[in-house]
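# Survey of secondary and tertiary structure
Listed below, chain by chain, are the residues.
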There are 2 protein chains.
Amino acid sequence: MIQNLNKHERESLHEALAKSGQKITPQREIVYTVLLAQRDHPTVDEVYHRALETMPGLSLATVYNCLETFVGCGLVRQVNHERESTRYCPNLAPHAHFRDESTGRVHDIELPKEILDQLTKILPANFETETIEISFQGRTKSSTQN
Amino acid sequence: MIQNLNKHERESLHEALAKSGQKITPQREIVYTVLLAQRDHPTVDEVYHRALETMPGLSLATVYNCLETFVGCGLVRQVNHERESTRYCPNLAPHAHFRDESTGRVHDIELPKEILDQLTKILPANFETETIEISFQGRTKSSTQN
DNA sequence: ATTGAGATTTTGAATCATTCTAAACGGCTA
DNA sequence: TAGCCGTTTAGAATGATTCAAAATCTCAAT
Ligand SMILES: [Mn+2]
Ligand SMILES: [Mn+2]
Ligand SMILES: [Zn+2]
Ligand SMILES: [Zn+2]
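Figured I'd write up the structure that's included with this text. (Residues numbered from 1 in each chain as written. Chains lettered and ligands numbered in written order. Predicted model: local features only at pLDDT ≥ 70, side-chain atom pairs only at ≥ 80, totals over all residues. Heavy atoms only, no water.)

## Observations regarding helix α4 (residues 60-73) of chain A
Residues and elements named next belong to chain A. Applicable threshold: Comment: elements are numbered from the N terminus, with helices defined as DSSP H or I runs of at least four residues and strands as E runs of at least two. Under the convention used throughout, the expected extent of a helix is 1.5 Å for every residue step, that is, one less than its residue count. The cut-offs for exposure are 20% and 50% of the maximum accessible area for each residue type, with area from a 1.4 Å probe on protein chains only; residues under the lower value are buried, those over the upper are exposed, and the others partly exposed. By arc we mean the arc of the directions from the helix axis to the C-beta atoms, nothing more. Contact criterion: two residues are considered in contact whenever any of their non-hydrogen atoms come within 4.5 Å of each other.
Over its 14 residues, α4 extends 20 Å from the first C-alpha to the last, a length consistent with the 20 Å expected when each residue adds 1.5 Å. Of all the residues in α4, the buried ones are Val 63, Cys 66, Leu 67, Thr 69, Phe 70 and Cys 73. Here the buried residues of α4 occupy an arc of 155° about the axis, which is enough to place them on one side. Opposite the buried face of α4, by more than 90 degrees, sit the exposed residues Glu 68 and Gly 72. Where α4 is buried, its residues meet α1 (7-19), α2 (26-37), α3 (44-52) and β2 (87-89). Just past α4, the residue Gly 74 takes up positive phi, approximately 80°.

So, in structure tokens, the structure goes:
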């Protein structure tokens, strides 16, 4: 069910790990593969269960470890909504998140650079931003449920 | 140390509770008073300890209950950053939050209506927004630490 | 003013995502 | 082959939040 990483994806992974002095392991490859295979912002537990199908002995703690490593490398972003379990997103482009309250699903929303620029302008002069998070919450209303 | 509610504030509280069919209690008045007294986005535990000084028998569960009630009424907003304890904010104007990583403090950032409008425009047509959360993360760099 | 139904508060236990600990493992180098 | 050091693993610990059940309070109706 889960495809392997393509050349470019494998390269991103290896490069990011190498850059921060960490090793390539089968667990890390599988966890990253799972994230890329289905970009639905899975929780740790969801990643864990998907990865188990490929690597039956994998432990939950390792999934926590791998994801934390990826976040540290800048390979993956954490996505939080309210007090729910943390979700993970391998989309590195600047984007916002829309969380559909009726399905629980989280969608990526492309974020024009223009808006990001405007946002940093509303801050007092001495506030230096490192990250900005924008999250929408609502419902999708089309008849053909996406 | 903690002032009482003024006429307007007491009215907001009573009105919001009445509107959603809930009762006025001393605990609710004190918790709301604590929130208005120091607008630093306290956690439940911080609210609890501040309120204890006025009402020694108060229980932590009640503080959770009161704050949940206020959020349900629309009197107060929850503010989440990463996986930290939830914080509470009685500022009902549309605003973003800036979290200073060096001090842990959370500041309100006024949010021009213009930007909110632009933000809703980046969503696909069938996405109906109920709430938007914008949070900055970074540091304040002035010599006179604010 | 009194009463009673229903809401609220309280205590302590339960939940559950996440983190921690310590032991086992694995690849690499000397 | 032996040692090094980062990684993985299982299980315990943590900590914010929620829950359950009994005691108490509030307020509308009398
Ligand atoms: Mn939030
Ligand atoms: Mn976040
Ligand atoms: Zn995303
Ligand atoms: Zn605020």
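## Here's the deal with the relation of the copies chain B and chain A
The pair of chain copies shares a relation made of a rotation about an axis and a shift along it. Just so we agree on the cut-off: Least-squares superposition aligns the copies on the C-alpha atoms of those residues with pLDDT at or above 70 in both.
Superposing chain B onto chain A requires a rotation of 180° together with a translation of 0.0 Å along the rotation axis, leaving an RMSD of 0.1 Å. Both copies are brought into coincidence by an operation consistent with a two-fold rotation axis. Using C-alpha coordinates, one finds that chain B approaches the rotation axis most closely at B:Ile134, a distance of 2.3 Å. A shared interface surface links the copies, since 100% of the contact residues of chain B are contact residues in chain A too.

## Let's talk about the pattern of salt bridges
Defined as follows: What counts as a salt bridge is simple: a side-chain nitrogen of Lys or Arg found within 4 Å of a carboxyl oxygen of Asp or Glu.
Overall, the coordinates contain 16 salt bridges over all chains when judged by the stated rule. Connected through salt bridges with shared partners, the residues A:Glu101, A:Arg139 and B:Glu130 form a single ionic network.

## Overview of the coordination of the zinc ion (ligand 3)
Residue and element names in this part refer to chain A. To keep things clear, this is the line we draw: For Na, K and Ca the donor cutoff is 3.2 Å, while for all other metals N, O and S atoms count as donors only within 2.8 Å; water does not appear among the atoms, so some sites may look incomplete.
Protein coordination of the zinc ion (ligand 3) is provided by His 41 (NE2), Cys 89 (SG), His 95 (NE2), His 97 (NE2) and Asp 108 (OD), with donor distances spanning 2.1 to 2.3 Å. Within one chain, the residues donating to the zinc ion (ligand 3) are spaced in sequence as H-x47-C-x5-H-x1-H-x10-D. Of the two residues, His 41 is situated in the loop between α2 and α3 and His 97 in strand β3 (residues 95-100); the sequence distance between them amounts to 56 residues.

## Looking at the protein's contact with DNA strand C
Spelled out, the test is: For each residue, the test is whether any non-hydrogen atom lies within 4 Å of the molecule or strand; if one does, the residue is near. Counting of polar contacts relies on pairs of N or O atoms within 3.5 Å, with two restrictions inside protein: one atom must be capable of donating a hydrogen and the other of accepting it, and residues adjacent in sequence are counted only when both atoms are side-chain atoms.
Neighbouring DNA strand C are 15 residues, the closest being A:Tyr64, A:Thr86, B:Thr25, B:Arg28 and B:Thr62. Among all atoms of DNA strand C positioned within 4 Å of the protein, those belonging to sugar or phosphate total 81%. A distance of 3.2 Å separates a sugar or linking oxygen of DNA strand C from a polar side-chain atom of B:Gln27. Here a phosphate oxygen of DNA strand C and a side-chain polar atom of B:Thr62 are 2.4 Å apart. Ranked by the residues each element gives to the surface near DNA strand C, the list is headed by helix α4 (residues 60-73) of chain B, at three residues.

## Structural notes on the interface of chain B and chain A
Threshold: When two parts are brought into contact, each loses some accessible area as probed by a 1.4 Å sphere; the total of that loss over both is the buried area. Basically, the charged four are Asp, Glu, Lys and Arg, the nonpolar ten are Ala, Val, Leu, Ile, Met, Phe, Trp, Tyr, Cys and Pro, and anything else, Gly included, counts as polar. Here, strands pair whenever DSSP counts at least two bridges between them.
Across the boundary between the two partners, chain B contributes 39 residues, which contact 39 residues of chain A. Surface buried jointly by chain B and chain A totals about 3,500 Å² across both partners, of which 52% is contributed by carbon and sulfur atoms. On the surface where chain B and chain A come into contact, there are four salt bridges. Between B:Glu128 and A:Lys141 there is a salt bridge, with its nearest N and O atoms 3.7 Å apart. Inspection of the region where chain B meets chain A yields 17 residue pairs in polar contact (both at pLDDT 80 or more). For the side of chain B that touches chain A, the elements supplying multiple residues, two or more each, are β4 (106-110), α5 (113-121) and β5 (127-140) of chain B. Looking at the side of chain B that touches chain A, the element that brings in the most residues is β5(B), giving 14 residues. Here the residues of the side of chain B that touches chain A are counted per class, giving 14 nonpolar, 14 polar and 11 charged. Relative to β5(B), strand β5 (residues 127-140) of chain A is paired through 13 bridges, and the arrangement is antiparallel. By the bridge assignment for β5(B), A:Gly138 is matched with B:Thr129.

## Comments concerning the protein's contact with DNA strand D
Near DNA strand D lie 18 residues; those nearest to it are A:Thr25, A:Arg28, A:Thr62, B:Tyr64 and B:Thr86. Each atom of DNA strand D within 4 Å of the protein belongs either to a base or to sugar and phosphate, the latter forming 85%. Side-chain polar atom of B:Tyr64 to a phosphate oxygen of DNA strand D: 2.9 Å apart, as the coordinates give it. Within the side chain of B:Thr86, one N or O atom sits 3.0 Å away from a phosphate oxygen of DNA strand D. Those elements giving two or more residues to the surface near DNA strand D turn out to be α2 and α4 of chain A. Counting residues per element, the surface near DNA strand D draws most heavily on α4(A), at three residues.

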